[in-house]
Amino acid sequence: MIKLTKRQDEILQIVKKNGPITGKEIAERLSVSRAALRPDLAILTMSGNLDARPRVGYFYNEQFAVKRQAEKYLHQKVTNFKAHPIVVEKSTSVYDAIVQLFLEDVGTLYAVDLEGHLAGVVSRKDLLRAAIGNQNLQELPVSVIMTRMPNIITIFPEETLYEAAKKMINYHVDSLPVVKEVDKQSNTYLLVGRITKTTITRAYLELMEEKVD
C-alpha cells in the first residue's frame, strides 16, 4: 500500500465528497496551481485511488477503497486479535471437559501440561465420540482422546489473520491455538491464546466498517 502525503489525503477527501471534479476545481479548493497538483493526481490515479475521465474529471474509486480495507485486514497480526484460551489439564476427565465446554460455550478445549505447554486439542467431536462409547467418562482422561503433536495445527502471534484463515480452511478446523515456540525438536509450545473463525469474521467486519483513510 502506498503511503499518501497530507495533500494527497486532502485530494482524496475532496474527490470523495465532490466527484466528479476537475483538476482545476481541486487546485482552487486547495489554493495551489494546477501544475503543482499534477504529480499528486498522477500518483493517486496510477495507484488506483482515483479514476479519471477526459472532459469529466476525477472519481473516487470505491472498489480500490474496499481493496485497501481488505489488505489492511489481511495483514493484521494474530497477536492483536487472539482470545484467552479455554484450557484443561491433560489429566482432566472427559466428563469434566464436557462440562467445561458447555460452561464456556466454545467448540474446542486445549489440554496443557503442568508447565502450561500445549499437550493436545479436544474438539466437540472428540467428546461426543467418547460420550457415545461404552466408557466411564469420569475416569477417562482427555489425554486418551485428544489430538496430539505433531498433528496439532498451530499459529504464532506474529503471523497474520490471512495465514490463520488459510490454515483453518486447509485443515478443516474451527480454531487454532496461538503458541510460542519453546523447543522445536520436541514440539514443545507455550499456549498463549486462541483464534477462531468467529474472531476472524469479527475482525474483518470491524476493519471494513472503519472509515477509509
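A brief structural summary.

The next subject is the overall build of the protein chain. From N to C terminus, the protein chain includes eight helices and seven strands. Radius of gyration (C-alpha) of the protein chain: 26 Å, far over the 17 Å computed for a compact globule of 213 residues. Projected onto the principal axes, the alpha-carbon positions of the protein chain cover approximately 80 × 35 × 25 Å. Burial analysis of the protein chain (213 residues in total) assigns 40% to the buried set. In the protein chain, 58% of the contacts between residues at least 6 apart in sequence involve partners at least 24 apart. Across the protein chain, the centroid of the 29 positively charged side chains sits 9 Å from that of the 26 negatively charged ones.

With their axes 11 Å apart at the nearest point, helix α1 (residues 6-18) and helix α2 (residues 23-30) run at an angle of 120° to one another. By the angle between their directions, the pair α1 and α2 is classed as oblique. Along this stretch, α1 crosses α2, giving a crossing that reads as right-handed. Together, R7, E10, I11, I14, V15 and N18 of α1 and I26, R29 and L30 of α2 make up the contact between the two elements. Looking at side-chain class alone, the contact of α1 with α2 contains five nonpolar, one polar and three charged residues.

So, about the pattern of salt bridges. Under the criterion given, the structure shown has four salt bridges. Between D40 and R7 there is a salt bridge, with its nearest N and O atoms 2.8 Å apart. With D40 in helix α3 (residues 34-46) and R7 in helix α1, this pair connects stretches of sequence that are 33 residues apart. Residue classification places D40 among the buried positions, given a relative accessible area of 8%. Salt-bridge contacts for K167 lead to E159; the nearest nitrogen and oxygen are separated by 3.5 Å. The exposure class assigned to K167 is partly exposed, which follows from its relative accessible area of 21%. E159 gets classed as buried once you look at its relative accessible area, which sits at 15%.

This next bit is on a nonpolar patch on the surface. Taken together, the side chains of Y95, V99 and L103 make up a nonpolar region of the molecular surface, amounting to roughly 300 Å² of accessible area. For Y95, the position within the fold is in helix α5 (residues 94-104).

Moving on: helix α6 (residues 124-131). Among the residues making up α6, those that are buried are D126, L127 and A130. Angularly, the buried residues of α6 cover 95° about the axis, an arc narrow enough to put them on a single face. Residues of α6 that are exposed and point over 90 degrees away from its buried face: K125, L128 and R129. Taken together, the buried residues of α6 touch α5 and β5 (118-123).

Before going further, it helps to spend a moment on the layout of surface pockets. As a volume, the largest pocket reaches approximately 720 Å³. When residues of the lining of the largest pocket are traced back to their parent elements, those giving at least two are β4 (108-112), β5, α6, β6 (175-183), β7 (188-196) and α8 (197-209). Across the lining of the largest pocket, the residue classes break down as eight nonpolar, 10 polar and nine charged.

In this section: the pairing of β4. Burial runs high along β4: five of the five residues are buried. Side-chain alternation along β4 places T108, Y110 and V112 on one buried face and L109 and A111 on a second face that is also buried. Bridge analysis of strand β3 (residues 87-89) against β4 gives three bridges, and the strand direction is parallel. Looking at β4, one finds that V87 is bridged to Y110. Alignment of β4 against β5, held across five bridges, turns out to be antiparallel. The residue of β5 that forms the bridge with V112 is L118. Where β4 folds back on β5, the antiparallel hairpin that results is connected by five residues, among which G116 adopts a positive phi of roughly 85°.

Rules used in this analysis
Residues numbered from 1 in each chain as written. Predicted model: local features only at pLDDT ≥ 70, side-chain atom pairs only at ≥ 80, totals over all residues. Heavy atoms only, no water. Helix = DSSP H or I, 4+ residues; strand = E, 2+ residues; numbered from the N terminus. Rg over C-alpha atoms; globule rule 2.2 N^0.38 Å. Buried < 20%, exposed > 50% of the residue type's maximum accessible area, 1.4 Å probe, protein only. Contact = heavy atoms within 4.5 Å. Lys, Arg positive; Asp, Glu negative; His and termini not counted. Charge placed at Lys NZ, Arg CZ, Asp CG, Glu CD. Axes fitted to C-alpha atoms, helices over the stretch in contact; angles between N-to-C directions. Parallel < 35°, antiparallel > 145°, perpendicular 65-115°, else oblique. Left-handed = near helix turned anticlockwise from the far one by under 90°. Nonpolar A, V, L, I, M, F, W, Y, C, P; charged D, E, K, R; others polar. Salt bridge = Lys/Arg side-chain N within 4 Å of Asp/Glu carboxyl O. Patch = residues over 30% accessible without salt bridge, like charges linked within 9 Å, V, L, I, M, F, W, Y side chains within 5 Å. Areas by Shrake-Rupley, 256 points an atom, 1.4 Å probe, with all protein chains shown as cover. Arc of directions from axis to C-beta. 1 Å grid on protein atoms, 1.4 Å probe; cavity = no way out; pocket = protein on both sides within 12 Å on 5 of 7 lines; lining within 4 Å. Points joined across faces, edges and corners; volume = space filled by probe spheres on them. Pairing = 2+ DSSP bridges.

None of the figures reported here should be taken as evidence of function without further support.
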